[in-house]
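# Architecture and fold: a report
Spelled out, the chains give:
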Amino acid sequence: MSIGAMLGDIVNSLFKKPATELYPFERKPAPEKFRGKLFFDPEKCSGCQLCIKDCPSDAIELITVDKVNKRFVMRYNIDRCTFCAQCVQNCRFKCLNMSNEDWELASINKEAFEVYYGKEEDIAALLARSTEECAEAPGKG
Amino acid sequence: MNTIFPVIAILFFPSGLFILASGLVYEFVDRKLVARYQNRIGPRWFQPLADLFKLLAKEEFIPKGVQPGLFVALPVAALAGALTAALYVPILGLRPAYSFSGDLIVTLYLLSMMTLCIGLAGANTMDRFSVVGATRALTQLFSYEAPFLLALLGPAIMAGSWQISTINTYAQGRLWMIVTQPIGFVVAIVGLMGKLELPPFDSPEAETEIVAGALTEYSGRGLGLFHIGRDVELVIGLTLVAAFYLGGLANPLDFLIKTLVLLLITAGLQSLFARLRIDQTVGLWWRIGAMLALAQLLVLIILRGLRL
Amino acid sequence: MNPQHPPEKFILPIGPQHPALKEPGHFEFTIDGEIVKDATVRLGYVHRGIEKGTEARNYNQDLYLLERICGICSHVHATAFALGVEKLAGVTVPPRAQAIRTLVAELERVHSHLLWLGVCAHEGGFDTLFMYSWRDRETVMDILEGLTGNRVNYSANIMGGVKVDVDDKTADTIRHGIDYLEGRTHHYMKVVTTDETFLGRTRDIGTMTYEQAIRLDAVGPTARASGVRADVRVDAPYAGYPDFPVDLITETAGDLAARFVVRINELFVSYQLIRTILDKLPPGEISVRIPRRIPEGETISRVEAPRGELFYFIRSNGTDKPDRVKVRTPSLCNWASVMELAVGHKLADMPMILAGIDPCFSCNDRLIRVNRRGDSQLWSWEDLRRYGIEQYK
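Residues numbered from 1 in each chain as written. Chains lettered and ligands numbered in written order. Predicted model: local features only at pLDDT ≥ 70, side-chain atom pairs only at ≥ 80, totals over all residues.

### Brief notes about the overall build of chain B
Secondary structure summary: chain B contains 13 helices and zero strands in total. Each helix and strand of chain B, placed in order from N terminus to C terminus, yields the pattern α-α-α-α-α-α-α-α-α-α-α-α-α. In summary, chain B has a C-alpha radius of gyration of 19 Å against a globular reference of 19 Å for 308 residues, a match within 12%. Judged by the C-alpha coordinates and their principal axes, chain B covers about 60 × 50 × 40 Å. When burial is assessed residue by residue, chain B has 51% of its 308 residues classed as buried. (Helix = DSSP H or I, 4+ residues; strand = E, 2+ residues; numbered from the N terminus. Rg over C-alpha atoms; globule rule 2.2 N^0.38 Å. Buried ≥ 20, exposed ≤ 12 C-beta atoms within 10 Å, placed from the backbone.)

### Observations concerning the overall build of chain C
From N to C terminus, chain C includes 15 helices and eight strands. A compact globule built from 393 residues would reach a C-alpha radius of gyration of about 21 Å, and chain C, at 22 Å, matches this within 12%. Over its C-alpha atoms, taken along the principal directions, chain C stretches across nearly 75 × 55 × 35 Å. Counting all 393 residues of chain C, 50% fall into the buried class. Long-range pairs, those at least 24 residues apart, make up 69% of the contacts in chain C between residues at least 6 apart in sequence. (Contact = placed C-beta atoms within 7 Å.)

### Description of the sheet that holds strand β7 (residues 308–316) of chain C
Backbone-to-backbone hydrogen bonds join strands into a sheet, with any given pair of strands oriented parallel or antiparallel. Residues and elements named next belong to chain C. Spatially, the three strands line up as an open sheet ordered β6-β7-β8, and their pairing is antiparallel. At either end of the open sheet lies a strand with only one pairing partner, and these are β6 (297–305) and β8 (322–328). Strand-to-strand twist across the sheet, computed as the mean angle between neighbouring axes with direction ignored, equals 15°. With nine bridges connecting them, β6 and β7 associate as antiparallel partners. Paired with threonine 299 across the two strands is isoleucine 314, which belongs to β7. Against the sheet, helix α12 (residues 330–342) makes contact with β6, β7 and β8, and its axis sits at roughly 130° relative to β7, the strand it touches most. (Pairing = 2+ DSSP bridges. Axes fitted to C-alpha atoms, helices over the stretch in contact; angles between N-to-C directions.)

### Remarks on the packing of helix α6 (residues 168–194) of chain C against helix α11 (residues 256–279) of chain C
When two helices pack together, their arrangement is captured by the angle between the axes and the distance separating the axes. All names here are of chain C. At a minimum axis distance of 10 Å, the contact between α6 and α11 shows a crossing angle of 160°. Classified by the angle between their axes, α6 and α11 sit roughly antiparallel to one another. For the crossing formed where α6 meets α11, the hand is left-handed. The segment α6 lies against α11, with Ala171, Ile174, Arg175, Ile178, Leu181, Glu182, Thr185, Tyr188, Met189, Val192 and Thr193 engaging Phe260, Val261, Ile264, Leu267, Phe268, Tyr271, Ile274, Arg275 and Leu278. Residue composition of the contact of α6 with α11, grouped by class: 15 nonpolar, two polar and three charged. (Parallel < 35°, antiparallel > 145°, perpendicular 65-115°, else oblique. Left-handed = near helix turned anticlockwise from the far one by under 90°. Nonpolar A, V, L, I, M, F, W, Y, C, P; charged D, E, K, R; others polar.)

### Quick look at the environment of B:Val241
Residue and element names in this part refer to chain B. Within the fold, valine 241 resides in helix α11 (residues 221–245). Measuring from C-alpha to C-alpha, the distance between valine 241 and leucine 300 comes to 18 Å, with 59 residues separating the pair along the chain. The residues contacting valine 241, other than those within four sequence positions of it, are Ala188, Ile189, Leu192 and Leu262.

### Points about the interface of chain B and chain C
Facing 24 residues of chain B, the contacting portion of chain C comprises 25 residues. Elements that contribute at least two residues to the side of chain B that touches chain C include exactly α6 (128–159), α10 (207–210), α12 (252–272) and α13 (278–307) of chain B. When its residues are assigned to classes, the side of chain B that touches chain C shows 10 nonpolar, six polar and eight charged.

### Considerations on the pairing of strand β2 (residues 26–32) of chain C
Residue and element names in this part refer to chain C. What you see with β2 is a clean split: Phe27, Phe29 and Ile31 sit on the buried side and His26, Glu28, Thr30 and Asp32 on the side with no burial. Bridging between β2 and strand β3 (residues 35–42) involves seven bridges; their strand directions are antiparallel. The residue bridging glutamate 28 from the neighbouring strand is threonine 40, located in β3. The turn joining β2 and β3, which pair antiparallel and follow one another in sequence, is formed by two residues; a positive phi near 75° is taken by glycine 33.

### A closer look at the sheet that holds strand β2 (residues 60–66) of chain A
All names here are of chain A. The sheet built from three strands is open, its strands ordered β2-β3-β5 with antiparallel pairing. Of all the strands in the sheet, the pair left with one neighbour each is β2 and β5 (114–117). This sheet shows a mean twist of 20° between the axes of neighbouring strands, independent of strand direction.

### Focus: the interface of chain B and chain A
Where interface size is quoted, it is often the accessible area lost as the parts come together. If you look at the interface, chain B gives 10 residues, while chain A gives 10 residues. Among the secondary structure elements, those contributing two or more residues to the side of chain B that touches chain A are α2 (17–37) and α12 of chain B. When the residues that make up the side of chain B that touches chain A are grouped by side-chain class, the tally is four nonpolar, four polar and two charged.

### Brief notes about the packing of helix α5 (residues 103–124) of chain B against α6(B)
Residues and elements named next belong to chain B. The contact between α5 and α6 brings their axes to 8 Å, and the two run at 170°. On the basis of the axis angle, α5 is roughly antiparallel to α6. Across the interface between the two elements, Leu104, Leu108, Ser112, Thr115, Ile118, Gly119, Gly122 and Ala123 of α5 pack against Ser130, Val131, Gly133, Ala134, Ala137, Leu138, Leu141, Glu145, Leu149, Leu152 and Ala156 of α6. Looking at the contact of α5 with α6 residue by residue, the class counts come to 12 nonpolar, six polar and one charged.

### Some remarks on the environment of B:Gln280
On the secondary structure map, B:Gln280 appears in helix α13. Here B:Gln280 falls in the partly exposed class, since 18 other C-beta atoms lie within 10 Å of it.

### Remarks on helix α4 (residues 95–123) of chain C
Residues and elements named next belong to chain C. Here α4 spans 42 Å end to end across 29 residues, near enough to the 42 Å set by a 1.5 Å rise per residue. The buried count for α4 comes to 28 of 29 residues, which makes it a mostly enclosed element. Downstream of α4 by one or two residues, glycine 125 has phi in the positive range, about 85°. (Expected span 1.5 Å × (residues − 1).)

### Regarding α6(C)
With 27 residues, α6(C) should reach 39 Å at 1.5 Å per residue; the first-to-last C-alpha distance of 39 Å fits that figure. Looking at the buried residues of α6(C), the elements they touch are α4, α5 (127–148), α7 (196–202) and α11 of chain C.

### Looking at unusual backbone geometry
A:Pro24 follows A:Tyr23 through a cis peptide bond whose omega is 5°. In this structure, the amide linkage connecting B:Pro199 to the following residue, B:Pro200, adopts the cis form with an omega of 0°. The phi dihedral of C:Asp204 is positive, around 60°, even though this residue is not glycine. By secondary structure assignment, the location of C:Asp204 is in the loop between α7 and α8 (210–216).

See below:
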């Protein structure tokens, strides 16, 4: 039976710093296991596509530039990703990992949300191929 | 000279711009204190000003089914009542602009005009939330008004006058009346919180039950005027209680310190309690509040009778 | 208001948009002054078609879809689904994985109860308790972030085990956090049981007797506050609970104050359990291989969500996509109790009674068919489709 049971709390708080974190001026680092943006290392990829099979939201796509020489490019749609890390779990060659530093992913234009991972020449070859296809069929978007 | 002084008094000081500005400052201090009690940061100094400007700039919707004249006029009337009351209290510790015998009662009724306007505003609209809010606001008016008046009457009896400036002068130079009439002080502070509908007595505008109570349909200018009216009332109420119980207000520094200390206590009381239901509020006031105030008065009358 | 009409009922709507509700739901209270005379509820504003969506995705993808039915009971949804599918596939999950599943489930329970404490205090106008309990909830969210990688939607489960492991550093962080939280929870227990203004809002409000709880089929802490001894972790232990048993907490008063006490006591039980699991974590693997195609069969899976008993029915047909997943969430069972108890109370008590059962509207929106005309309870897919077309013609 007491009136004002939180009196101790409120009087103490007058003399303490507020518990609010002044983001973006104070930015606490994320823990190690934090699931931020996905990164893909094309060196070790074998093209098994187990990661694609289990993605709940079709966020990643593996485009084969050259199957015999194991040259793959991954197209990653950040806006579709649910950051569940099932693809990381599935990959047997440790090609995929989720960063714990890259998590401020908001952007004001859509281009930032489609990322290509791969060797430079592979991505260039891919983009060249797609512009060729666009030039051939100008009627299609 | 005679025509300039009223104009200055109404437009600039003590009523008008000065009291509006100090209302905004006190609202900021109140919100900042409540936030610090709750271990958070709270708004920056210009937040109440920004809120006021935003509301004044927004479109005002007049809902269907209300009396348009009444709808628009009520916020103005509420603010007018609060601003007029500022002419009779010692703002900044200086002599009140106008003073006559019996102005304590007039000031208290001018302050109650705000609650009456809120009640009318709620009853005016067809919105169910407003009707419930208006009912609660008027119920609360009936319950705290009597004990609050009695609590302010105690110092008036001691000073032997109904004039605020006389009571103010009487309180200076004597032992603070908070020491000689502690019960009266408690009733006065809690009564002030009831008048201003501060938590725990914010049942008439309980956000989680009836959206915004009587003011649900108000937006834009009307809502802005109601809010600034409440801030002005906060300043006037604190001035009254500080003048009566905390040894009178002699100069601006005195005024600032005493009203801010009272605001510290009030903000603390706001953070400590859960919201009281309207029936609990009425029960509390009519049982405990009125009894305490009456007991205090009785003691005073007996003391004064013995001394004479 | 035409005076010649008969006196109309004064109906106060709460929702679907209302400051009291964190999620949309529609309640209509018929009030007379301040006393509530009648109450009705209408749900369905957050229906997303998840159960149908599970049929188009394979089991691994469904795990993440079902996790997002609710934000605060996401892990138990995923656990229930994983347990059911593992039962159908006939694999045994290693004990370390079950223990980690239990650890995350208990941490989620702590998170959920602290959140509820704040929300219910806010509904009662006690903003200070709301701010302080949510400040302390940040501690458990940071623990979960360090353990699983995200503050909400932990995604700790995979088919056949878990994907996160607990090392010594994480275990120490968890222990420190739990020690701090235990001290604060003692303080909140004191506030909730002794503060007069708060007791004025919770004592003898929404009282549900034992018989009423049984008749209305209430589940979870709402029922346990009325003395019903039902807790899936004790009656039918799953995951790690056979090795780490819990105590059953009940109260007899059945009012709102008792529900507060039950949930805070459950917090203490959770803290003890978390410490025990950390001390006695069995060594070994954290997952086991599970085939992609699950053999045909039907199974049910019951777990104890923070709100009560969560029930899953899974039917598989030999492919890698499930045939039917049916979810029955605990909040759905408690609405009847709210609607019956609300009558006779004052309007000001309505938000607290609504919040007292810890409603999770997102979990709720499943299809219920009320059997009014006495026809068959069984509805085939064609019947449902035909009903949908007729309804919206």
